[in-house]
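Spelled out, the chains give:
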Amino acid sequence: MNRFVYLDNNATTSISSEIYEEIKPFLTLQYGNPSSPYGFGRKVREEIIKARENIAKLITAKSKQIVFNSGATEGNCSAINSGIKNFPNKKKIITTTVEHSSILEYCKLLAKSGYEVAYIPVDENGNLNLNKLEKEIDKNTAVVSIQYANNETGVVLDISGINKLISKKKKEYDFMFCMDMVQALGKRKVDVAKLKVDLASFSGHKIHALKGSGFMYVREPNKFIPMITGHQENNLRGGTENVCGIVALGKAAELLFNNETEISVIQELRNYLEEEVEKLFPLCVINGKRADRLCNTTSLSFTNTSGNELMFALEKEGICVSTGSACNSESSEPSHVLVAMRVKYPANTIRISLSNSTTKGEIDYLIQSLKKYFKNN
Ligand code: PLP
């Protein structure tokens, strides 16, 4: 293997050098507990305050609406949990067929304890059926949980349509609107103040910060019922803080302020890749191509190879791509997202996801490697 090309940035990202430098003191000398009353602890607490302010600014929230946690799996489960606890007499949860497994698995568990779960379908472009969503929201609904953007295809849902619908329905019924915003952060301008969202989850390792770190946006902190109790995070999430994770998130936010140029560079490179693929492999389908999509993601279905075979062949060339979500990579089932979109060959699919460090040279190398593979297979 002569090269290493990482093109699986929706699974995780590298830790940026600026973030690495920022957290070093907290791995070594500044190990105080942020809850300690003396200066050694207080100094660390001040860094957490700073990180919270940066994160709040990035998503147009207030500092007190940010709750640091262990990542978006916790965030998604905590959001739904808080929603159902707020409405003990309501027994219905509404989500979509294309959510991340962290939502789907928790919904499955809740279904076993008596909750009705309605799954709103998408069309072949990955767009959500808003008519079905409108019909499903009723007086028994405790939670509506919808992703902002899909991790496998990059399809961004019709956020303004969803927002309007949620506003309208909130005039009739009271429920919690939760959003998994993991894949949008850093790739879209996220402005929670403009959304009707009550609770949103985000993850550190998708934005060049640390694994096992993340945060929630909580619109009304006084209504949030924590899953993990304790005095930290203003009583909203117990446990000694993951200081390095939080400091890294604060720095990541700073690096993402005004990153519009970076987004358009990534998008140009992704579009270049897709144009070349369409020229070379006319039968290849770009899943969700006609929808609004994130700048960095492409999901490619080929007619004549299995996604797994292609993924491992690319690995031999030193290239990392995936066949779907990293969380489902051990499953032999085709991706539930692609099945929901009625993709013709869901098992023949690879996902390529770029980052701000992806170069044109790397994309050319991927294209050459695809050419080589299809010549020999
Ligand atoms: N939601 C989406 C859309 C994701 O892509 C992921 C990670 O793959 C998660 C949730 C889970 O995030 P975490 O790894 O921080 O638990």
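Here the structure is shown first, and the text comes after it.
The rules behind the values
Residues numbered from 1 in each chain as written. Predicted model: local features only at pLDDT ≥ 70, side-chain atom pairs only at ≥ 80, totals over all residues. Heavy atoms only, no water. Near = heavy atom within 4 Å. Polar contact = N/O pair within 3.5 Å; in protein donor to acceptor, adjacent residues only side chain to side chain. Areas by Shrake-Rupley, 256 points an atom, 1.4 Å probe, with all protein chains shown as cover. Helix = DSSP H or I, 4+ residues; strand = E, 2+ residues; numbered from the N terminus. Nonpolar A, V, L, I, M, F, W, Y, C, P; charged D, E, K, R; others polar. Salt bridge = Lys/Arg side-chain N within 4 Å of Asp/Glu carboxyl O. Buried < 20%, exposed > 50% of the residue type's maximum accessible area, 1.4 Å probe, protein only. Pairing = 2+ DSSP bridges. Contact = heavy atoms within 4.5 Å. Axes fitted to C-alpha atoms, helices over the stretch in contact; angles between N-to-C directions. Phe/Tyr/Trp six-rings, centres within 6.5 Å; stacked < 30°, edge-to-face > 60°. Disulfide = S-S within 2.5 Å. Expected span 1.5 Å × (residues − 1).

## Brief notes about the site of the ligand
Around the ligand sit 13 residues, and of these Thr-73, Asp-180, Ser-203, His-205 and Lys-206 come closest. Thr-73 places a polar side-chain atom, nitrogen or oxygen, 2.6 Å from an oxygen atom of the ligand. Between the ligand and Lys-206 there is a distance of 2.5 Å, counted from an oxygen atom to a side-chain nitrogen or oxygen. Relative to its unbound accessible area of 400 Å², the ligand is 90% covered by the protein chains. If one sorts the elements of the shell around the ligand by residue count, helix H3 (residues 72-86) sits on top with 3 residues. Its residues assigned to classes, the shell around the ligand comprises 2 nonpolar, 9 polar and 2 charged.

## A look at the pattern of salt bridges
Under the defined criterion, the tally for this structure stands at 24 salt bridges. Put simply, Glu-220 and Lys-223 hold a salt bridge, and the shortest N to O gap is 3.2 Å. Judged by its relative accessible area of 33%, Lys-223 falls in the partly exposed class. Of the charged contacts in the structure, one is a salt bridge between Asp-364 and Lys-360, with a shortest N-O distance of 3.0 Å. Here Lys-360 and Asp-364 lie together in helix H12 (residues 360-376), a separation of 4 residues that amounts to about one turn. Residue Lys-360 is classed as partly exposed on the basis of its relative accessible area of 44%. Residues joined in a network through salt bridges with shared partners are Lys-170, Asp-198, Arg-219, Glu-220 and Lys-223.

## Structural notes on the sheet that holds strand E9 (residues 285-286)
Strand order across the open sheet formed by 3 strands is E9-E10-E12, with antiparallel pairing between neighbours. With one partner strand each, in any of the chains shown, E9 and strand E12 (349-353) form the two edges of the open sheet. Sheet analysis places E9 next to strand E10 (residues 297-301), joined by 2 bridges and oriented antiparallel. Residue pairing across strands places Val-285 opposite Ser-301, the latter belonging to E10. Sheet contacts for helix H9 (residues 260-280): E9, E10 and E12; angle to E10, the most-contacted strand, approximately 15°.

## Structural notes on the packing of aromatic side chains
Per the stated rule, a full pass over the model turns up 7 aromatic pairs. Judged by centre distance (5.0 Å) and plane angle (85°), the ring pair of Tyr-373 and Phe-374 falls under edge-to-face. For Phe-374, a relative accessible area of 15% puts it in the buried group. Taken together, the ring pairs in this structure connect Phe-281, Phe-302, Tyr-373 and Phe-374 into an aromatic cluster.

## Things to note about the environment of Glu-124
Locating Glu-124 in the fold gives a position in the loop between strand E4 (116-120) and helix H5 (130-136). Counting along the chain gives 130 residues from Glu-124 to Glu-254, while the straight-line C-alpha distance between them is 37 Å. Not counting the four nearest positions on each side in its chain, Glu-124 is found in contact with Met-341 and Arg-342.

## Re the state of the cysteines
Under the defined criterion, the tally for this structure stands at 0 disulfides. This cysteine, Cys-77, is not joined by any disulfide, and Cys-107 carries the nearest cysteine sulfur, 8.8 Å off.

## Details of H9
For H9, spanning 21 residues, the distance from its first C-alpha to its last is 30 Å, which sits close to the expected 30 Å at 1.5 Å a residue. Buried residues belonging to H9 abut E9, E10, E12 and H12.

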